[in-house]
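Chain residues, written in single-letter form:
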Amino acid sequence: MANLSISRPLPLRNVHITDDFWSAYIRLVRNVVVPYQWEALNDQIEGAEPSHAMKNFKISAGLEQGEFYGMVFQDSDVAKWLEAVSYLLETGNDPELEQLADEVIAIIAKAQHADGYLNTYFTLKEPNGRWTNLAECHELYCAGHLIEAAVAYYRATGKRLILDVACKLADCIDQVFGPGDAQIHGYDGHQEIELALVKLYQTTTNERYLRLSQYFLDERGKEPRFFEEEFHRRNGQMHFPSLDMVFDYTYNQSHLPVRQQHTAEGHAVRVVYMCSGMADVAAESGDLELLEACRKLWTNIVSKRMYITGAIGSMAHGEAFTLDYDLPNDTAYAETCASIGLIFFAQRMLQIEAKSEYADMMERALYNTVLSGMSQDGKRFFYVNPLEVWPDAIHKNHQLSHVKPIRQGWFGCACCPPNIARLLASLGQYIYTCQGDIVYANLYIGSEMTLDVIGQSIKIHQHSELPWKGDVRFTIEVSAKTSFTLALRIPNWCTEPSLTVQGSSVQLGENVRDGYVYLSREWNDQDEVEWVLPMEVRRMKGHPQVRDTFGKVALQCGPLIYCMEEADNGAGLHQIVLEDEEEPQKHFDQALLGGIQTLSVAAKRIRSEDLGHKWGEQLYIANIPHEWEPMTAQFIPYYAWANRGQGEMSVWIKEK
């Protein structure tokens, strides 16, 4: 197969993060999140939802007695934990963690059947039900996460046991599924196997895995409907009767062949996982039609169906997209996993075509929704990331029951916590990409990276003061003069960047293409690049078709979206209106929430003492103007909300 000319991320071991902001999160994942999640997977956290995930594997391996417990996709939590561990091992030696991972891998290997099949739910609960309910039961989804973990662990340690397990599992799947008369002509209800098989292909160079990934993509949406056929074959048995995963074709994106899908429909995580697999296959096979479908889906998501925080999926029922511009704030679903999937999709599109819009969206989702999904101590998590919260209503209004005013210790469906861990543990893969003699700086995260460019070893030190200041410095380290191009992303939140190389100003002008400025030169040892990205506080407005943001503004400074909390502004945030005469004031508070930059904005709110006097017991009154009192509204970064107890929160605020 002929692939496209694409850029590649650097191996994790080639990138060492030294960032003042992000290093704390990497340490948190290594020292707190991964150990905490290991305890959760082994049901050792008092008061948290039980997982039973490791016990399921031990029972399947014949090491313990018992029954399967948990969601049908419980295996994937272990796989994502192992993947996060793998990234940590690639970036830093940890013999104790590696030994623990080896023990887990040995258990997984023992649980694998002789023919390669591996799934604890069907092994323990429905031994005769293999491949009979792809619509609901996530067999290929779990397999995909195991394959991703296996590839990551092999790359980190060079140990083959888990990779051999993954190949044996993939070979089993390849034998079962395909166009042959004796094969199943189908696909999984939850996309994941598609992108995992491409990773396995890239690691093993076995083209059968790439072809199988493309088969699953191209089979989706064909007539007759595969999920209906298997539904009738199993006599209508349902695993999730509250969700119509069989006949609601948009839910799992089987309403059309993937090449004909131009709008994001149905379950949001499934959409972006599917798109990630589509982009992978397009890149490896040179399939331009598939790539064009990716572009159309991308455009629909980011221009009509995405929250300002980088969150996607506006409806709780089905965790789904709805229609263009339907972006309610208080009932938003905005699953953490969906934003992580959007980052996966963006990274793959960025590798295919170096356009800053993809990196902009990676940055937006990363700094806002992904970080919002985890508490600052790494032990509590959001599944849902709303943009407006009224706790009293959450406890009474069933339409808001999916929203939580405080983060949870764990979940019965615990996909989000290990997803956060594996993303942050692999953050180094998102900072740079390389293509030939071009090095793309996509994210401004303090780091040291090494790579070979046209046979010459180079090292780039990046010092970044994001997200609080837009000052970034690159120092080039080479043993001899070396020619290459350093391409710097111009963030969409910056209008007047300035660039100097060795103290001399560089005009951007014709050096800018698709949102990157290209610096092509012969570099000397210790050459320095100063990249200044002024951060103004911007009052962002939603498209007029977005009903829930009309007449309101959201504050953004650099990559961060800000919000108001009751802890700073009192209750009744909906009664606050921002003034437009004064510029918001920045203040860095080292003692607040681990050190954050706050914003102060002149505002007014309804005079509280007049509310009871004028309105009394009346709900509606004619021709009575509001009386206002001046105030200073305080804003914190959205990612930091809900770390000070339960209270109201709002991203979008009325403007005078």
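Summary of the structure given here. Source: prediction; values computed, not measured. (Residues numbered from 1 in each chain as written. Predicted model: local features only at pLDDT ≥ 70, side-chain atom pairs only at ≥ 80, totals over all residues. Heavy atoms only, no water.)

With respect to the overall build of the protein
At step 1: Across its full length, the protein holds 19 helices and 25 strands.
At step 2: Against the globule reference of 26 Å for 656 residues, the protein gives a C-alpha radius of gyration of 25 Å, in line with a compact fold.
At step 3: Its C-alpha atoms put the protein at 75 × 75 × 50 Å along the principal axes.
At step 4: For the protein, the exposed area adds up to about 25,200 Å²; of that, 48% sits on carbon and sulfur atoms.
At step 5: Considering the protein, the positive charge centre built from 57 side chains and the negative charge centre built from 88 side chains are found 1 Å apart. (Helix = DSSP H or I, 4+ residues; strand = E, 2+ residues; numbered from the N terminus. Rg over C-alpha atoms; globule rule 2.2 N^0.38 Å. Areas by Shrake-Rupley, 256 points an atom, 1.4 Å probe, with all protein chains shown as cover. Lys, Arg positive; Asp, Glu negative; His and termini not counted. Charge placed at Lys NZ, Arg CZ, Asp CG, Glu CD.)

So, the sheet that holds strand β7 (residues 438-441)
To summarise the sheet geometry, strands pair through backbone hydrogen bonds and adopt either a parallel or an antiparallel arrangement.
At step 1: Ordered in space as β1-β6-β7-β11-β15-β14, the six strands form an open sheet in which the pairing is mixed. Strands with a single pairing partner mark the edges of an open sheet, and in this sheet they are β1 (8-9) and β14 (512-513).
At step 2: Bridge count for strand β6 (residues 432-435) against β7 is four bridges, and the pairing is antiparallel. When the sheet's bridge partners are listed, C434 is paired in β7 with V439. (Pairing = 2+ DSSP bridges.)

Quick look at the pattern of salt bridges
At step 1: On inspection of all chains with the given rule, the structure shows 35 salt bridges.
At step 2: For E90, the salt bridge goes to R13, with nearest N and O atoms at 3.6 Å. Taken together, the positions of E90 in helix α3 (residues 75-91) and R13 in the loop between β1 and β2 (15-17) put the pair 77 residues apart, joining distant regions of the chain.
At step 3: Note on E90: relative accessible area 10%, which makes it buried.
At step 4: Given the relative accessible area of 47%, R13 is considered partly exposed.
At step 5: For R305, the salt bridge is made with D324, and the minimal N-O distance between the two is 2.7 Å. Here the residue R305 occupies a position in the loop between α13 (288-304) and β4 (320-321), and D324 occupies one in the loop between β4 and α14 (336-352), the gap between them amounting to 19 residues.
At step 6: Since its relative accessible area comes to 28%, D324 is described here as partly exposed. (Salt bridge = Lys/Arg side-chain N within 4 Å of Asp/Glu carboxyl O. Buried < 20%, exposed > 50% of the residue type's maximum accessible area, 1.4 Å probe, protein only.)

Structural notes on the sheet that holds β2
At step 1: Taken together, the seven strands give an open sheet; going across it, the order is β2-β8-β9-β10-β16-β12-β13, and neighbouring strands pair in antiparallel fashion. Each edge of the open sheet carries a strand with a single partner, namely β2 and β13 (504-506). Pairwise comparison of adjacent strand axes, ignoring direction, gives a mean angle of 20 degrees for this sheet. (Axes fitted to C-alpha atoms, helices over the stretch in contact; angles between N-to-C directions.)

Observations regarding the packing of α13 against α14
Helix-helix packing: each pair is described by the crossing angle between the helix axes and the interaxial distance.
At step 1: At their nearest, the axes of α13 and α14 sit 12 Å apart, and the two run at 130 degrees to each other. Here α13 lies oblique to α14, going by the angle between them. α14 is crossed by α13, and the crossing has left-handed handedness. Within the contact between the two elements, α13 uses L291, C294, R295, W298 and I301 and α14 uses L342, F345, A346, M349 and I352.
At step 2: Here the contact of α13 with α14 is built from residues that sort into nine nonpolar, no polar and one charged. (Parallel < 35°, antiparallel > 145°, perpendicular 65-115°, else oblique. Left-handed = near helix turned anticlockwise from the far one by under 90°. Contact = heavy atoms within 4.5 Å. Nonpolar A, V, L, I, M, F, W, Y, C, P; charged D, E, K, R; others polar.)

Quick notes on the pairing of β7
At step 1: The alternating pattern of β7 places I438 and Y440 on one face and V439 and A441 on the opposite face, and all of these are buried.
At step 2: Linking β6 to β7, which pair antiparallel, is a turn of two residues; within it G436 sits at a positive phi near 60 degrees.
At step 3: Across four bridges, the pairing between β7 and strand β11 (residues 482-489) is parallel. Paired with I438 across the bridge in β11 is T485.

Here we look at the environment of L82
At step 1: Looking at where L82 falls in the secondary structure, it is placed in helix α3.
At step 2: Between the C-alpha atoms of L82 and A101, which are 19 residues apart in sequence, the distance is 6.8 Å.
At step 3: The contacts of L82, once residues within four sequence positions are left out, are A101, I105, I108, A149, Y153 and I162.

Focus: the packing of aromatic side chains
Both the distance between ring centres and the angle between the ring planes are used here to describe each pair of aromatic rings.
At step 1: A complete count under the given rule lists 30 aromatic pairs for this structure.
At step 2: Between Y333 and Y383, the aromatic rings sit 6.0 Å apart at their centres with planes inclined by 75 degrees, giving edge-to-face as the arrangement. Placement of Y333 in the loop between β4 and α14 and of Y383 in the loop between α15 (356-372) and β5 (388-389) is noted, with a sequence separation of 50 residues between them.
At step 3: Judged by relative accessible area, which is 9%, Y333 ranks as buried.
At step 4: With a relative accessible area of 11%, Y383 lands in the buried category.
At step 5: Linked through ring pairs, F21, W22, Y25, Y367, W468, F588 and Y639 together constitute an aromatic cluster.
At step 6: For the cation-ring pair, R513 lies above Y518, with the distance from its terminal atom to the ring centre recorded as 3.8 Å.
At step 7: For the cation-ring pair, K604 lies above W628, with the distance from its terminal atom to the ring centre recorded as 4.6 Å. (Phe/Tyr/Trp six-rings, centres within 6.5 Å; stacked < 30°, edge-to-face > 60°. Lys NZ or Arg CZ within 6 Å of the ring centre and 35° of its normal.)

Examining the side chain of S60
At step 1: Here S60 shows up in helix α2 (residues 53-60).
At step 2: The contacts of S60, once residues within four sequence positions are left out, are A111, T120, T123 and L124.

Things to note about the layout of surface pockets
At step 1: Of the voids in this model, the largest pocket is the one considered here, and its volume is about 580 Å³.
At step 2: Lining the largest pocket are 26 residues, with P9, R155, K199, Q202 and Q429 positioned closest to its centre.
At step 3: Counting only elements with at least two residues in the lining of the largest pocket, the list comes to β1, α3, α7 (139-157), α9 (193-204), α14 and α17 (416-425).
At step 4: Looking at side-chain class alone, the lining of the largest pocket contains 11 nonpolar, five polar and 10 charged residues. (1 Å grid on protein atoms, 1.4 Å probe; cavity = no way out; pocket = protein on both sides within 12 Å on 5 of 7 lines; lining within 4 Å. Points joined across faces, edges and corners; volume = space filled by probe spheres on them.)

A closer look at the pairing of strand β16 (residues 527-532)
At step 1: Residues D527, V529 and W531 of β16 are buried on one face, while the alternating residues E528, E530 and V532, pointing to the opposite face, are not.
At step 2: Where strand β10 (residues 471-478) meets β16, six bridges bridge the pair, whose relative direction is antiparallel. The residue of β16 that forms the bridge with D471 is V532.

A closer look at a negative patch on the surface
At step 1: On the surface, D20, E465, D471, E528 and E530 cluster together to form a negatively charged patch.
At step 2: Counting through the fold element by element, D471 comes out in strand β10. (Patch = residues over 30% accessible without salt bridge, like charges linked within 9 Å, V, L, I, M, F, W, Y side chains within 5 Å.)

A word on helix α10 (residues 207-219)
At step 1: The terminal C-alpha atoms of α10, which comprises 13 residues, lie 18 Å apart, in line with the 18 Å expected from a rise of 1.5 Å per residue.
At step 2: Packing partners of the buried residues in α10 comprise α7, α8 (161-176), α9, α12 (268-285) and α13.
At step 3: Sitting at the head of α10, N206 places a side-chain oxygen 3.0 Å from the backbone nitrogen of R208.
At step 4: Positive phi shows up at G221, right after α10, with a value of about 90 degrees. (Expected span 1.5 Å × (residues − 1). Polar contact = N/O pair within 3.5 Å; in protein donor to acceptor, adjacent residues only side chain to side chain.)

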